[in-house]
Structure formats: C-alpha cells, structure tokens
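Breakdown of the fold
Below are the chains, spelled out letter by letter.
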Amino acid sequence: MKDNKEKLYFYKLNTIIGLIYIIKSEKGLRSIEIIEDNWLKLQNKYKLIESEEKCRVEVSQINEYFSGRRKKFDLVLDIDGTKFRKKVWNELLKIPYGELRSYSQIAKAIGNEKAVRAIGQANKSNPIPIIIPCHRVIGKSQKLLGYAGNHTDIQEKLIELERIIEEQ
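Below you will find a few notes about this structure.

What counts as what
All chains use their own residue numbering, which begins from 1 and follows the written sequence. Only residues with pLDDT of at least 70 get local features here, since the model is predicted, and only at 80 or more are side-chain atom pairs given and counted; chain-wide, interface and lining totals rely on the full set of residues. Derived side-chain values reflect all non-hydrogen atoms in the structure, with water molecules and hydrogen atoms excluded from consideration. To sort residues, take the accessible area from a 1.4 Å probe on protein chains only and compare it with the maximum for the residue type: under 20% means buried, over 50% means exposed, and anything in between is partly exposed. In this text, helices come from DSSP runs of H or I with a minimum length of four residues, and strands from runs of E with a minimum of two, each type numbered from the N-terminal end. Strand pairing is assigned whenever DSSP identifies at least 2 bridges connecting the two strands. Stacked, tilted and edge-to-face are the three classes assigned to paired rings of Phe, Tyr and Trp, where Trp is represented by its six-membered ring and a pair needs centres within 6.5 Å; plane angles under 30 degrees give stacked, over 60 edge-to-face, the rest tilted. Placement of a charge over a ring requires the Lys NZ or Arg CZ to be within 6 Å of the ring centre, with the centre-to-atom vector within 35 degrees of the ring normal. The set of buried Ala, Val, Leu, Ile, Met, Phe, Trp, Tyr and Cys residues whose side-chain atoms join them within 4.5 Å is what this entry labels a nonpolar core. What qualifies as a polar contact is a pair of N or O atoms within 3.5 Å, subject to a donor-acceptor requirement within protein and to the restriction that residues adjacent in sequence count only when both atoms come from side chains. What the arc measures is the spread of directions leading from the helix axis to the C-beta atoms. By definition, residues are in contact when any of their heavy atoms lie within 4.5 Å.

We now examine the pairing of strand S2 (residues 18-24). For S2, the buried fraction is high: 5 of the 7 residues fall into the buried class. Both strand S1 (residues 7-15) and S2 contribute to a ladder of 7 bridges, which runs antiparallel. Residue pairing for S2: Asn-14 is matched across the bridge by Leu-19. Hairpin connection, S1 to S2: the antiparallel pair is bridged by 2 residues. Here 4 bridges tie S2 to strand S3 (residues 29-33), and the two strands are oriented antiparallel to one another. Bridging from a neighbouring strand, Ile-23 pairs with Ser-31 of S3. Where S2 hands over to S3, the hairpin turn is made up of 4 residues, counted between the paired strands.

Listed below in structure tokens is the structure:
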C-alpha cells in the first residue's frame, strides 16, 4: 500500500513556553505547534521527518526571538486558510513587537467591525503562533482570552517576554 501522506520536516525546540514543534514543507514554514495534542494529530496526517537542517533558519530566528535578539521574523510561510483568516493573519503581522491589540481593533483594521468572534476563531486557528503574533491580541477589557484554546499562561509568558525586552 502506497503512503500518500505529504512529507513535512520538523524540529523540536525547548523554549520558555515549553516544547514547541516547528513544521516545514519544501515551500516554507507550515506550522508551529505549541500544544502537544495538536502535534500528535499532525503525526497521523503527515509523514513527518525530523530534520534540524531543514528547519535551521526557523530554529535560529525563534531562538533569537526568545533570547530578545529578534523582534521581527523574516521567514517564508506556507500556510493554508480561508481568505478571511489569511486577511486576519496578515493584520496580526502588522502588530508591532511588544504592543497589544483587541479583537475589535483587528476587526476594525480589516474593515469588518462585526467580525470580532470570527477574529477570535481565526486567532485560534493560527497555524504559526509566535511568528504570526496572535498572542498580542487580547480582549477589549485588556483580559487574556482563549489563547491557543485555553492556554492563556503561554500567551502571558510571550507578552511578558516582549515587555521585559522592550524595557531593557
């Protein structure tokens, strides 16, 4: 029986937010998994080959980010999503390092002020957290809401990292 699963490369990286999985196609960065359950699901969907060399640039830039030496990423992305989600993710890429935006501010920026809940769903389905900085999006009341499911502890660590680096 022929294995028709798409071949992707990955590398595991230990960070201040825990173990993350960097997943890359031949075209570019496909995914960063910060939740173990999501990583396990990918193992069934793709043929995953561990390769530090294939993920070298991404690993380097992510390490630079966590050490405070990188505030903007320069990576080729290979993401799939609806037109709406891609529009939201592109807007998230515009949020400056160390700054926060509310869901309603993102909705207004993309010209769809009533799409606040859909913005939340686009954030939740962001395949490349950290690089596409969905952690910089918070509730209008300044509260952390539903990051990566309900992992606001991870969101809090990323926001705090950026705040500390900005204060130095």
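Per the counting criterion, the structure on display carries 5 aromatic pairs. Ring centres of Tyr-65 and Phe-73 lie 5.6 Å apart, and the angle between their planes is 40°; on these two criteria the pair is classed as tilted. Each of the two residues, Tyr-65 as well as Phe-73, counts as buried. Each ring, one from Tyr-65 and one from Tyr-97, has its centre 6.1 Å from the other, and the planes form 80°; the classification is edge-to-face. In this pair, Tyr-65 is assigned in helix H2 (residues 56-66) and Tyr-97 in the loop between helix H3 (83-92) and strand S5 (101-102), connecting sequence segments 32 residues apart. On the accessibility criterion, Tyr-65 (0% relative accessible area) is buried. The ring of Tyr-9 has Lys-54 sitting right over it, with the charged end atom 4.8 Å from the ring centre.

For the rest of this paragraph, the subject is the nonpolar core. In this structure, Ile-62, Leu-92 and Ile-130 are the most contacted members of the largest nonpolar core, which totals 38 residues. Core analysis: the second largest hydrophobic core is formed by 8 residues, Ile-23, Trp-39, Tyr-46 and Leu-48 among them.

As a further point, take the side chain of Gln-155. Relative to the helices and strands, Gln-155 is located in helix H6 (residues 152-167). Side-chain polar atoms of Gln-155 contact the backbone oxygen of Val-137, separated by 3.0 Å.

Turning next to helix H5 (residues 116-124). Among the residues of H5, Ile-119, Ala-122 and Asn-123 are the ones counted as buried. The buried side chains of H5 occupy one side of the element, clustering within an arc of 100° when seen end-on. Along H5, the residues that are exposed and aim more than 90 degrees away from the buried face are Arg-117 and Lys-124. Elements that come into contact with the buried residues of H5 comprise H3, helix H4 (103-109) and strand S6 (137-138).

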